[in-house]
Amino acid sequence: MPPFLVRSPRTTAEWDAYYHLRYTVLRQPWQQPPGSERVPADDEPGTIHALLLADESSPRPEALAVGMLQPTSAQQGQVRFMAVAPQAAGTGLGRQIMDALETQARAVGLTEIVLHSREIAVPFYERLGYEVVEPSHTLFGVIPHFLMRKQL
């Protein structure tokens, strides 16, 4: 799959596509209500959103991959809400989102990224240089997560 442009959503339609992918991949499969894919941190100053669209010129954009970086201190940021559309899984788009978020983290002076990975995604993050720190929480009572960390 050719490289796509990773950037922040700009239009209402792009934001809708961004949140739609977050919901359909990260919330809907566990019968969570629409709106649960949004958090107050989405709108905090310094939060970075990454979006990869199927077709940049489409008036009805479709998100293929998304992610968010939330600064948690002057040196640390947390990656949250990483999602890749099922039809694009395994094509390198998640890596592109992470590369973009790490680049932006360095640009704003962050030296460490943490994240809470679903058990199934731990190998993906390990390939990107993240290390498991400890088990963290179980989301919706069924999805084990692990705290992971990477020095930039």
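Details of the structure are given in the entry above.
Reading guide: rules and limits
- Here the residue index of a chain counts from 1 through its sequence in written order.
- Only residues with pLDDT of 70 or above have their local features reported here, since the model is predicted, and side-chain atom pairs are shown and tallied only from 80 upward, although totals for entire chains, interfaces and linings are computed over all residues.
- With hydrogens and water excluded, all non-hydrogen atoms of the structure serve as input to the side-chain values.
- Per the convention used, a helix needs a DSSP run of H or I reaching at least four residues, while a strand needs a run of E reaching at least two, with both numbered from the N terminus.
- Our radius of gyration is a C-alpha quantity, and the globule rule it is checked against amounts to 2.2 Å times the number of residues to the power 0.38.
- Exposure is judged per residue with a 1.4 Å probe applied to protein chains only, and the accessible area is read against the type maximum: over 50% gives exposed, under 20% gives buried, and values in between give partly exposed.
- In what follows, a contact means two residues having at least one pair of non-hydrogen atoms within 4.5 Å.
- A 1.4 Å probe and the Shrake-Rupley method give the accessible areas. Residues count as covered only by the protein chains that appear here.
- Should DSSP find at least two bridges between two strands, the strands are taken to pair.
- Here a helix's expected span is defined as the number of its residues, less one, multiplied by 1.5 Å.

Time to look at the overall build of the protein. Per the secondary structure count, the protein includes three helices and seven strands. Helices and strands appear in the protein in the N-to-C order β-α-β-β-β-α-β-α-β-β. For a compact globule of 152 residues, the expected C-alpha radius of gyration is about 15 Å, and the protein comes in at 15 Å, within 12% of that figure. Viewed in the frame of its principal axes, the protein has a C-alpha envelope of about 40 × 35 × 30 Å. In the protein, which comprises 152 residues, the proportion classed as buried is 43%. Restricting to contacts in the protein with at least 6 residues of sequence separation, those with at least 24 account for 58%. Accessible surface computed for the protein: about 7,900 Å², of which carbon and sulfur atoms make up 54%.

Counting buried positions along strand 2 (residues 48-53) gives six out of six residues, so the element sits mostly inside the fold. In terms of strand pairing, strand 1 (residues 6-7) meets strand 2 through two bridges, oriented antiparallel. Note that in strand 2 the partner of Val-6 across the bridge is Leu-52. Looking at chain direction, strand 2 and strand 3 (residues 63-71) are connected through six bridges and run antiparallel. Bridging from a neighbouring strand, Leu-53 pairs with Ala-63 of strand 3.

Okay, helix 1 (residues 12-26) next. Its 15 residues place the ends of helix 1 21 Å apart at the C-alpha level, agreeing with the 21 Å of an ideal helix rising 1.5 Å per residue. The complete set of buried residues in helix 1 reads Glu-14, Ala-17, Tyr-18, Tyr-19, Leu-21, Arg-22, Tyr-23, Val-25 and Leu-26. Tucked into the core, helix 1 has its buried residues touching strand 1, strand 2, strand 3, strand 4 (76-84) and strand 5 (112-118).

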